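Listed here are the chains, written in short residue letters.
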Amino acid sequence: IIENVKKTKQKENPPLLFNLAEVQNECTKRFKIKPDETLEIIQELYEKKLVTYPRTDARVLSTAIAKVISKNLNGLAKGCKNPEIQAILTKMSTEKYKTDLTKTKYVNDSKITDHYAIIPTGQGFENYDKLSDLKKNVYILIAKRFLSIFYPPAEYNKIAVTIKIDNEVFFSNEKVCVNRGYLDVIKGEAEEKESNMDILKKLKKGEKIAVKNIETKEAETSPPSRYNSGSMILAMENAGKLIEDEALREQIKGAGIGTSATRAEIMKKLERIGYIAINPKTQIITPTQKGEAIYDVVFTSMPDMLNPELTASWEKGLDMVAKKEIGPDVFMGKLEKYVRGKVGKLVWR
């Protein structure tokens, strides 16, 4: 018996713009390159005036930049010879998509510390033809993410069906895209899957249907996938999500482990000194025997060194110094006492 049929419509807005961590993760997935290589490429694009400053944690634009964003768009239209970019811009012009970002989620001064998100400048195209194919691909990736925010949201039809067989209740949910919107710009991020939508749409509440076959399967859950060099950058940026204490979690929210400028270098150093290994083809990260041994020593002697709560507590202390709630000597005294105690314990063992 069909217990319930619920039909809804859903809109999905374009994702936020790239910060360094997000574009490093995306380049690892698409091009199988390490985060430090991505940073080197974007730094070169920046020096050639093709993109804005790369070492940023922000995924939004400032109000000031949003007001003059037409300069970036006009520069792309006149200077970028890439046919994909030109097709995207032509559709924007033909469909008369709005370019005023001031009241959108893509503009937020409070979420910018030093630099806004990475976007194309609309300049520097005299250097574009000299770039390698990989560097051109990274540039196009950044340009397409930028242009996608001017496109309308993707629209979906959703249907949820509840079916009762004897005393058991079963659920079926389907979603089909009826208007791709921004997905026409960021192709490949949401490919259509085989759908039972046509079958489910015909069902009506209270209807009785014949069940020809019921088959049950046993399965086991799989462990989480291993980190690759890109997803590790995001994990470092969002390390605070692992902290249960709400105050400490809020303190590390904007910091994470390392900074946008140092996270790739931290990973590079761990690989260089032999604590981790990174597969050059897949970018999958695995701990080495040496790395596991070091972890065991630290876990046995000072386990809090392996917890992002420690970073959060230090960030909180630094914030209190900045707000003059405590003196620098108080913070340094506690920090020195902590370090001496931990090192002494390690040496004693």
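In this report, the structure presented in the accompanying data block is examined. (Residues numbered from 1 in each chain as written. Predicted model: local features only at pLDDT ≥ 70, side-chain atom pairs only at ≥ 80, totals over all residues. Heavy atoms only, no water.)

**Notes on the packing of aromatic side chains**
A ring pair, where both rings are aromatic, is described by two values, the distance of the centres and the angle of the planes.
And step 1. The tally for this structure, following the rule as stated, stands at seven aromatic pairs.
And step 2. Seen from their ring centres, Y295 and F299 are 5.9 Å apart, and the 10° between their planes marks the pair as stacked. Of this pair, Y295 and F299 are both found in helix α11 (residues 289–301), four residues apart, which corresponds to roughly one turn of the helix.
And step 3. The partly exposed category is assigned to F299, whose relative accessible area is 48%.
And step 4. These aromatic residues form a ring-pair network of at least three members: F125, Y128 and Y139.
And step 5. Its guanidinium or amino end placed over the ring of F18, R145 lies 4.1 Å from that ring's centre, counting from NZ or CZ.
And step 6. Here the basic side chain of K175 rests over the ring of Y156, its NZ or CZ set 4.4 Å away from the ring centre. (Phe/Tyr/Trp six-rings, centres within 6.5 Å; stacked < 30°, edge-to-face > 60°. Helix = DSSP H or I, 4+ residues; strand = E, 2+ residues; numbered from the N terminus. Buried < 20%, exposed > 50% of the residue type's maximum accessible area, 1.4 Å probe, protein only. Lys NZ or Arg CZ within 6 Å of the ring centre and 35° of its normal.)

**Section: empty space enclosed by the protein**
And step 1. Applying the stated criterion across every chain yields a total of one cavity of 30 Å³ or more.
And step 2. Taken as a whole, the largest cavity spans an internal volume of roughly 50 Å³.
And step 3. Those elements that provide at least two residues to the lining of the largest cavity are α2 (35–47) and α10 (263–272).
And step 4. Broken down by element, the lining of the largest cavity gets its largest block of residues, four residues, from α10.
And step 5. Taken together, the residues of the lining of the largest cavity break down into four nonpolar, no polar and four charged. (1 Å grid on protein atoms, 1.4 Å probe; cavity = no way out; pocket = protein on both sides within 12 Å on 5 of 7 lines; lining within 4 Å. Points joined across faces, edges and corners; volume = space filled by probe spheres on them. Nonpolar A, V, L, I, M, F, W, Y, C, P; charged D, E, K, R; others polar.)

**Let's talk about the sheet that holds strand β3 (residues 168–179)**
And step 1. Spatial ordering of the open sheet is given by β1-β2-β3, a layout of three strands whose pairing is antiparallel. Among the strands making up the open sheet, the edge pair consists of β1 (2–12) and β3. Strand-to-strand twist in this sheet, taken as the mean axis angle between neighbours without regard to direction, amounts to 15°.
And step 2. As judged from the ten bridges shared by β1 and strand β2 (residues 154–165), these two strands associate in the antiparallel manner. In the sheet register, E12 faces β2, and the bridge partner there is A154. (Pairing = 2+ DSSP bridges. Axes fitted to C-alpha atoms, helices over the stretch in contact; angles between N-to-C directions.)

**Describing the layout of surface pockets**
And step 1. Estimates place the volume of the largest pocket at around 1400 Å³.
And step 2. For the largest pocket, the lining is made up of 36 residues, of which M232, I257, L270, Y295 and L306 are closest to its centre.
And step 3. Secondary structure elements with two or more residues in the lining of the largest pocket: α8 (229–237), α10, β5 (285–287), α11 and α12 (308–322).
And step 4. No other element matches α11, which puts five residues into the lining of the largest pocket.
And step 5. Considering only residue class, the lining of the largest pocket consists of 26 nonpolar, five polar and five charged.

**Notes on the environment of L310**
And step 1. If you trace the backbone, L310 turns up in helix α12.
And step 2. The contacts of L310, once residues within four sequence positions are left out, are D304, M305 and Y338. (Contact = heavy atoms within 4.5 Å.)

**Here's the deal with the nonpolar core**
And step 1. Ranked by size, the top nonpolar core spans 50 residues in total, and within it V23, Y139, F146 and L147 carry the most contacts.
And step 2. For this core, the elements supplying multiple residues, two or more each, are α1 (20–31), α2, α3 (63–67), α4 (69–79), α5 (83–95), α6 (133–148) and β2.
And step 3. The dominant element in this core, judged by the number of residues it contributes, is α6, at eight residues.
And step 4. Those residues in contact with V23 that sit more than four places away from it in its chain are F18, T38, I42, I118, L141 and I142.
And step 5. One finds L234, M236, I276 and I278 within the second-largest nonpolar core, a separate group that totals nine residues. (Core = buried A, V, L, I, M, F, W, Y, C linked by side-chain atoms within 4.5 Å.)

**Notes on the environment of A77**
And step 1. Looking at the secondary structure, you find A77 in helix α4.
And step 2. Residue A77 is classed as partly exposed on the basis of its relative accessible area, which comes to 37%.
And step 3. In this structure the C-alpha to C-alpha distance between A77 and A87, which are ten residues apart in sequence, comes to 9.8 Å.
And step 4. Not counting residues up to four positions away in its chain, the partners in contact with A77 are Q86 and L89.

**Digging into the pattern of salt bridges**
And step 1. Using the criterion set out here, one finds 13 salt bridges in the structure.
And step 2. Across the salt bridge formed by R59 and E22, the nearest N and O atoms sit 3.5 Å from each other. Here the residue R59 occupies a position in the loop between α2 and α3, and E22 occupies one in helix α1, the gap between them amounting to 37 residues.
And step 3. With relative accessibility at 22%, the residue R59 sits in the partly exposed group.
And step 4. E22 sits in the buried class, given a relative accessible area of 18%.
And step 5. The shortest N-O distance in the salt bridge between K268 and D36 comes to 3.8 Å. Taken as a pair, K268 in helix α10 and D36 in helix α2 lie far apart in primary sequence, 232 residues in all. (Salt bridge = Lys/Arg side-chain N within 4 Å of Asp/Glu carboxyl O.)

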